[in-house]
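# Structural overview
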Amino acid sequence: GDSVTQMEGPVTLSEEAFLTINCTYTATGYPSLFWYVQYPGEGLQLLLKATKADDKGSNKGFEATYRKETTSFHLEKGSVQVSDSAVYFCALSKRGYSTLTFGKGTMLLVSP
Amino acid sequence: AAGVIQSPRHLIKEKRETATLKCYPIPRHDTVYWYQQGPGQDPQFLISFYEKMQSDKGSIPDRFSAQQFSDYHSELNMSSLELGDSALYFCASLDRDNTEAFFGQGTRLTVV
């Protein structure tokens, strides 16, 4: 079945450091790919998405490029802030949003 | 802007009791999804509804049932609760173009 694999956390960075959270997927067909963010005590929020190969999703300084050849969708940000501390989930869907398959989440902790 | 409303936010039940979780989607959203997120786990898809009919089914136990009503709100009914049912239960609603899933803040169920 479909699956998403993320790097394990926590990822601990200092403010203004460069962030990469790796995500790879296994799926038949052509899934859409997403990054969701979950702040403490809150629900999931869509951070960015890409619906076809070579698409780049971007939002709030975060970026991820849909790489079909490597089945990856790594999340990057050039300069993290303390307020970026949260859990980040990579996810895929093959039929629009019919079901989202999530990775296990990566906690990001940013210190001043 | 209106968001997805879930109630209650917190619920404590004893083993073998029943619980009902409610989800009120964003107005004019006709699709609702339920997810279960155990402590430190990724969200697991339970069940979904489109136009008041069940559209997809995931890892929902037979002890659980759900439905979507004429006003598009949805209820997740959980019976014979077990300690392992303790989790955060998320509801998400989708717009008619299925371009983004909006998640509620979740109901935290604790079974003691």
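Refer to the structure printed above.
The paragraphs below set out a description of the structure included in this document. Keep in mind the model is a prediction, meaning the values are calculated, not measured.

## A closer look at the environment of Met53 of chain B
As for its placement among the helices and strands, Met53 of chain B is situated in strand S6 (residues 53-57). Linking Met53 of chain B and Gln68 of chain B, residues 15 residues apart in sequence, is a C-alpha distance of 7.0 Å.

## Considering the sheet that holds strand S7 (residues 56-59) of chain A
Residues and elements named next belong to chain A. The antiparallel open sheet is built from four strands, whose spatial order is S3-S9-S8-S7. Of all strands in the sheet, those with a lone pairing partner are strand S3 (19-21) and S7, marking the two edges. Each neighbouring strand pair of the sheet contributes to a mean axis angle of 15°, computed without reference to strand direction. Where S7 and strand S8 (residues 62-65) come together, four bridges link them in antiparallel fashion. Counterpart to Gly57 in the pairing with S8 is Ala64.

## Quick word on the packing of aromatic side chains
Residues and elements named next belong to chain B. The tally for this structure, following the rule as stated, stands at 12 aromatic pairs over all chains. Taken together, a centroid distance of 6.1 Å and an interplanar angle of 55° make the contact between Tyr33 and Phe45 tilted. Of this pair, Tyr33 sits in strand S4 (residues 31-37) while Phe45 sits in strand S5 (residues 44-50), and the two are 12 residues apart along the sequence. Classification of Tyr33 as buried rests on a relative accessible area of 7%.

## Focus on the interface of chain B and chain A
Many authors give the size of an interface as the accessible area that is lost as the parts come together. The interface of chain B with chain A comprises 20 residues on the first partner and 17 residues on the second. Where chain B abuts chain A, roughly 1500 Å² becomes buried across the two surfaces, and 53% of that area is made up of carbon and sulfur atoms. Contact with chain A buries surface across chain B, with Asp42, Pro43 and Phe103 of chain B losing the most and accounting together for 30% of the total. Viewed at the interface, chain A and chain B are joined by one salt bridge. Put simply, Lys104 of chain A and Asp42 of chain B hold a salt bridge, and the shortest N to O gap is 3.5 Å. Those elements that place two or more of their residues in the side of chain B that touches chain A are S4, S5, strand S9 (87-94) and strand S10 (101-103) of chain B.

## Details of unusual backbone geometry
The peptide bond linking Gly9 of chain A to Pro10 of chain A adopts the cis configuration, its omega dihedral lying at 0°. The peptide bond linking Ser7 of chain B to Pro8 of chain B adopts the cis configuration, its omega dihedral lying at -10°. Inspection of the secondary structure assignment puts Pro8 of chain B in the loop between strand S1 (5-7) and strand S2 (10-13). Of note, the phi angle at Tyr72 of chain B is positive, near 75°, even though the residue is not glycine. Inspection of the secondary structure assignment puts Tyr72 of chain B in the loop between strand S7 (64-68) and strand S8 (74-78).

What counts and what doesn't
- Residues numbered from 1 in each chain as written.
- Chains lettered and ligands numbered in written order.
- Predicted model: local features only at pLDDT ≥ 70, side-chain atom pairs only at ≥ 80, totals over all residues.
- Heavy atoms only, no water.
- Helix = DSSP H or I, 4+ residues; strand = E, 2+ residues; numbered from the N terminus.
- Pairing = 2+ DSSP bridges.
- Axes fitted to C-alpha atoms, helices over the stretch in contact; angles between N-to-C directions.
- Phe/Tyr/Trp six-rings, centres within 6.5 Å; stacked < 30°, edge-to-face > 60°.
- Buried < 20%, exposed > 50% of the residue type's maximum accessible area, 1.4 Å probe, protein only.
- Contact = heavy atoms within 4.5 Å.
- Buried area = accessible area lost by both parts, 1.4 Å probe.
- Salt bridge = Lys/Arg side-chain N within 4 Å of Asp/Glu carboxyl O.

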